[in-house]
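The chain contents come next:
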Amino acid sequence: MTDTRPSLIIFSPSGIVPAAAPVRKALKRLNALGFASTLDASALSKHQRFAGDDATRLDSIHRVAEAAPHVALAARGGYGLTRLLDQIEWPLIAQSVERGTAWVGYSDVTALQLAAIAHKAAGPESVGEGVTAGFWAGPMANEDFGHKDSVDGGDDVTQEVFVEAMTGELEAVGFRTEAGFDGLEARGRLWGGNLAVVQALLGTPHFPKIKGGVLFLEDVNEHPYRIERTLLQLHQAGVLDQQKAVLLGTFNGFKKSPLDRGYNLKAAIAYLRSQTTTPILTGLPFGHVPTKLCLPLGRKVNLVVQGRDVLVMW
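All chains use their own residue numbering, which begins from 1 and follows the written sequence. Residues qualify for local features only when their pLDDT is at least 70, as the model is predicted, and side-chain atom pairs are given and counted only at 80 or more; totals for whole chains, interfaces and linings, by contrast, use all residues. Neither water nor hydrogens contribute to the side-chain values; these are computed over all heavy atoms in the structure.

## As for the nonpolar core
Just so we agree on the cut-off: Nonpolar cores were defined as sets of buried Ala, Val, Leu, Ile, Met, Phe, Trp, Tyr and Cys residues, with membership established by side-chain atoms within 4.5 Å. Summary of the burial criterion: residues with accessible area below 20% of their type's maximum are buried, those above 50% are exposed, and those between are partly exposed, where the area comes from a 1.4 Å probe applied to protein chains only. Working definition: helices are DSSP H or I runs of at least four residues, strands are E runs of at least two. Numbering for both runs from the N terminus. Note on definitions: a residue-residue contact is assigned when non-hydrogen atoms from the two residues lie within 4.5 Å.
One finds Ile10, Leu73, Trp103, Phe162 and Leu217 to be the most contacted residues of the largest nonpolar core, which totals 97 residues. Here the element with the most residues in this core is helix H4 (residues 110-118); it accounts for six residues. Sequence-distant contacts of Ile10, defined by excluding residues within four places in its chain, comprise Val23, Ala26, Leu27, Leu30, Thr38, Leu39, Asp40, Ala43, Leu73, Ala75 and Ala141.

## Structural notes on the pairing of strand S1 (residues 7-11)
What counts, and what does not: Strand pairing requires that DSSP identify at least two bridges connecting the strands. Looking down the strands as they point away from you, a crossover is right-handed if its path from the first strand over the helix to the second goes clockwise.
Taken across its five residues, S1 has four buried, putting it largely inside the fold. In this sheet, strand S2 (residues 36-39) lies alongside S1 in parallel orientation, the contact comprising four bridges. Opposite Ile9, over in S2, you have Thr38 as the bridge partner. In this view, the connection linking S1 to its parallel neighbour S2 by way of helix H1 (residues 20-32) has right-handed handedness. With four bridges joining them, S1 and strand S3 (residues 71-74) adopt parallel strand pairing. Directly across from Phe11, in S3, lies its bridge partner Ala74.

## Describing the pattern of salt bridges
Stated formally: Think of a salt bridge as a Lys or Arg side-chain nitrogen and an Asp or Glu carboxyl oxygen that are within 4 Å of each other.
Applying the stated criterion across every chain, the model contains twelve salt bridges. The partner of Asp54 in a salt bridge is Arg57, with the nearest N and O atoms 2.3 Å apart. On the criterion of helical spacing, the pair formed by Asp54 and Arg57 is a turn pair, its members being three residues apart in helix H2 (residues 54-67). A relative accessible area of 23% means that Asp54 is categorised as partly exposed. You can call Arg57 buried: its relative accessible area is 0%. The residue Arg176 makes a salt bridge to Asp309 at a minimum N-O spacing of 3.2 Å. Pair noted here: Arg176 is in strand S6 (residues 172-176) and Asp309 is in strand S13 (residues 309-313), with a separation of 133 residues, a long-range link. Taking relative accessible area as the criterion, Asp309 reaches 41% and is therefore assigned partly exposed. Because the salt bridges share partners, they merge into one network encompassing Asp54, Arg57 and Arg83.

## Notes on helix H6 (residues 156-166)
This is how it is decided: Counted as a polar contact is a pair of N or O atoms within 3.5 Å, where, for protein atoms, one must be capable of donating a hydrogen and the other of accepting one, and residues adjacent in sequence contribute only when both atoms are in side chains.
Among the residues of H6, Thr158, Gln159, Val161, Phe162, Val163, Ala165 and Met166 are the ones counted as buried. Where H6 begins, the side chain of Asp155 points an oxygen toward the backbone nitrogen of Val157, at a separation of 3.0 Å.

## Some thoughts on the side chain of Arg29
With respect to the helices, strands and loops of the structure, Arg29 is situated in helix H1. Only 3.2 Å separates the side chain of Arg29 from the backbone oxygen of Asp152, close enough to count as a polar contact. Excluding residues within four positions of it along the chain, Arg29 makes contact with Phe145, Asp152 and Gln159.

## Topic: the packing of aromatic side chains
Cut-off, in case you're wondering: Think of it this way: a Phe, Tyr or Trp ring, Trp meaning its six-membered ring, pairs with another when their centres are within 6.5 Å, and the plane angle makes it stacked under 30 degrees, edge-to-face over 60, tilted otherwise.
Summed over all chains, the structure comprises nine aromatic pairs. On the numbers, 6.1 Å between centres and 75° between planes, the contact of Trp136 with Trp314 is edge-to-face. Taken together, the residues Trp136 in strand S5 (residues 134-137) and Trp314 in the segment after S13 connect sequence positions 178 residues apart. Take Trp314: its relative accessible area is 23%, and that puts it in the partly exposed class. Aromatic pair Phe145 and Phe162: ring centres 5.1 Å apart, planes at 65°, arrangement edge-to-face. Of this pair, Phe145 sits in helix H5 (residues 141-145) while Phe162 sits in helix H6, placing them 17 residues apart in sequence. Comparing Phe145 with Phe162 shows no difference in burial state: the two are buried. An aromatic cluster of at least three residues, connected via ring pairs, comprises Phe11, Trp103 and Phe135.

## A short note on the sheet that holds S5
What counts is decided by this rule: Structural elements are reduced to axes, namely lines fitted to C-alpha atoms, with helices fitted over the stretch in contact, and the angle between N-to-C directions of any two is expressed from 0 to 180 degrees.
Here six strands make up an open sheet; going across it, the order is S2-S1-S3-S4-S5-S11 and the pairing mixed. Of all the strands in the sheet, the pair left with one neighbour each is S2 and strand S11 (295-297). Averaged over all adjacent pairs, the angle separating strand axes in this sheet is 25°, with direction ignored. Bridge count for S3 against strand S4 (residues 102-105) is three bridges, and the pairing is parallel. Across the sheet, the residue bridging to Ala72 is Trp103, located in S4. On top of the sheet, H4 reaches S4, S5 and S11; it is set at about 145° to S5, its chief contact.

## Focus: unusual backbone geometry
If you check the backbone angles, Ser107 has positive phi at about 60° while not being a glycine. On the basis of relative accessibility, which here comes to 11%, the residue Ser107 falls in the buried class. Of note in this structure, Arg261 is not a glycine but carries a positive phi near 50°. Given the relative accessible area of 79%, Arg261 is considered exposed.

Printed below as a string of structure tokens:
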């Protein structure tokens, strides 16, 4: 009997997967959510802090691309994808998208996602209704489907949104932002991800040159002054002024310093707003937090703000 469930492969392109238990739990949970889930052959490989040496992880990406599952879900982030970008066969990645694969992840996976856009391997900017193929900023297997402290392996909203996105039902996401942006409307390509990774790609062939886009950003374990410095670099490089809007997700995990003297993330954002005319909106439910949305990278979106309610539609 043919399995009609959407196929899903968990693979590890970045950091080491410390233990197999979360991945096994994620497989079980994803199967319960309606996917035919399998684990890539090298997903549990270990080399230093990486999920296998560079060749092993590169092979896993190419192997998943050749298999062209409905969903290619990263196990976790960490660090490692930047080392592979010069060697990835981008036409093979593009072919997997043409065959229907949705590549999903966040954090270090930002490097793969943005490089795919830069190398024109992420699929078209505009697609028909219900098309899931392409690159999505979204949950990953270990923490979002295999978390040890959750019966169902992760946050209910995150999992529900993921299923909607991967079955073609998700057409928009919404959130609340600060006052002051009522009436804002914009249309452009949605792109971005982890701020540190976006910064690391700047000036390389793997950085997408998107003008008139909607840029979203998040990060973890970075003090507000480091967040400001990185955003300021993007601004001074001309990136922020070229966007229709910037959406800020969650920036968490940092420790306050006695040297801050009232300086905080809000102050950092206020300073950036004084430097660019591009609207900077906060409140996007995305980042290193349990509840996160799925966002289609490289696609044209419509951004509408009514009062403090923000709607991003594609």
